[in-house]
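Chain residues, written in single-letter form:
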Amino acid sequence: MTNSPDTPVPTPNTDQEPSAPHSDERETFRPAVDYRPDERAEQAFLASKVHIARTHPTLHPAERQATLTELAERLGEPALGLRDREDAPTPGGVGYGVFYNTPFKTGFAQGTSLYWEVICPTAPGGNVNTWLYLTAMNRAGKGLEAFVSYYAQDAPRFKVFDWARDDHWQIDIPWSSLGSYLMTRSAHGQNYQALGVWNSTWQLSPNLWRNQALLWNQAAQRYDLIYQYDYAAALADQTGGWIGSWGPIVETFQPSYSHTNRFGALRTMLITRDSGGSWGSWQLLSSGDSYIRTDNTGFRSVFLDPNYAFAVES
Amino acid sequence: MSRPPGPPSDRRPGDPEAEEPAPIADMRKEFARKSSREPRDREAERAFLKNKIEILRSDRKLSESEKEEAVAALLRELDRLEEEDPDGRS
């Protein structure tokens, strides 16, 4: 490894010659006289930096603000106003959550079932001004989503979207009807309002499957079957494709979030039915079977028990 | 035909009730009745599908061909929704 007289930094190790020569190509790369900056691209570059600072998943809100202040000093105050442009892409994404690895997503034969407890405050708080979902699937491609749906600062609703049907939307319950189902769960020294959701997909007979959604009734100490649907499908319909690949996720509809309440998942468990028709045992969702996805929409992890429990806030 | 066994209780080991499977009550009629009172929100339905498409398109673990196939399926769902309500009025 040698250094050029003009660059006192050691040459990076590469697969090439250990002492590669340097050549001065600055003239080659100098902008042409008639060069016109692409203002839109440059603004997009700055806007992206601001977005990253504003939504960085590992920074606390105070650290984000300090970073934004630094950017304003470095880039100018107008740069901070570059967010939320009208021509920005549709801000759909995953604020934070778990996706199944492919071997696990496809690793069932005659059935799969998911139980999880949704950390679901009665109000989303912060700057939520459109939809926000707390949802999960049980791996089956024609399974269902039984989920908590927020819209702006309205009271949330509990909904069921069945991927097996043409008329997907099946259950839409106001929060005021869920009093018996809400419970308090403790995790990492904090109490959370939670809703226990159990959704299953299994084969009734060759090419005939059933979807079910149940809620844990805390008041009655029982599960309540709230939805069921039988339909024709093949195993490949259930294990193939992308649908069904998400475990508990905070599904977002805005480019950035701030000062929201905490959302998340507790006790996420799955069970598998094999080709002989036998159910295995419930297993907490592990980091070996899943991975965390975050799209930098402002949510940061409060805790993560890989990967069966987490809470996030913004 | 075999439903899955119930999820394990969170009660402490040793609690005799922890080993008992929790009962299941059929509340489908009640939930269907409460749901049927709500008007259909097609804007929310469209947003649901569009958001899934965005999540899919930005999934870094999928190949382009996997994305194309899955996006096509979601677009068909979206098309069907548009056909039901072409003017997006409801």
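Residues numbered from 1 in each chain as written. Chains lettered and ligands numbered in written order. Predicted model: local features only at pLDDT ≥ 70, side-chain atom pairs only at ≥ 80, totals over all residues. Heavy atoms only, no water.

A. Just the pattern of salt bridges, in detail. Under the criterion given, the structure shown has 19 salt bridges over all chains. For Arg157 of chain A, the salt bridge identified is with Asp172 of chain A, shortest N-O distance 2.5 Å. Note that Arg157 of chain A is positioned in strand β5 (residues 157-162) and Asp172 of chain A in strand β6 (residues 169-174), a separation of 15 residues in sequence. On the basis of relative accessibility, which here comes to 21%, the residue Arg157 of chain A falls in the partly exposed class. Using a relative accessible area of 17% as the deciding quantity, one classes Asp172 of chain A as buried. For the salt bridge of Arg28 of chain B with Asp26 of chain B, the shortest nitrogen-to-oxygen distance reads 2.7 Å. On the accessibility criterion, Arg28 of chain B (30% relative accessible area) is partly exposed. Assessed through its relative accessible area of 46%, Asp26 of chain B is described here as partly exposed. Here the salt bridges share partners, and the residues they tie into one network are Glu117, Arg185 and Arg267 of chain A. (Salt bridge = Lys/Arg side-chain N within 4 Å of Asp/Glu carboxyl O. Helix = DSSP H or I, 4+ residues; strand = E, 2+ residues; numbered from the N terminus. Buried < 20%, exposed > 50% of the residue type's maximum accessible area, 1.4 Å probe, protein only.)

B. Summary view of the interface of chain B and chain A. If you look at the interface, chain B gives 42 residues, while chain A gives 60 residues. Together, the buried faces of chain B and chain A total about 4,400 Å²; carbon and sulfur atoms form 62% of this surface. Among the residues chain B hides against chain A, the three largest losses belong to Pro7, Phe31 and Phe48 of chain B. Together they make up 15% of the total. A salt bridge links Lys52 of chain B to Glu251 of chain A, with the nearest nitrogen and oxygen atoms 2.7 Å apart. Contributions of two or more residues to the side of chain B that touches chain A are made by β1 (24-26), α2 (28-36), α3 (42-57) and α4 (64-84) of chain B. Looking at which element gives the most residues to the side of chain B that touches chain A, the answer is α3 of chain B, with eleven residues. The residue inventory of the side of chain B that touches chain A, partitioned by class, reads 21 nonpolar, six polar and 15 charged. Bridge analysis of strand β10 (residues 222-232) of chain A against β1 of chain B gives three bridges, and the strand direction is parallel. Paired with Asp224 of chain A across the strands is Ala25 of chain B, a residue of β1 of chain B. (Contact = heavy atoms within 4.5 Å. Buried area = accessible area lost by both parts, 1.4 Å probe. Nonpolar A, V, L, I, M, F, W, Y, C, P; charged D, E, K, R; others polar. Pairing = 2+ DSSP bridges.)

C. Structural context of the environment of Ser256 of chain A. Here Ser256 of chain A shows up in the loop between β11 (246-252) and β12 (263-273). Separated by 128 residues in sequence, Ser256 of chain A and Val128 of chain A place their C-alpha atoms 9.1 Å apart.

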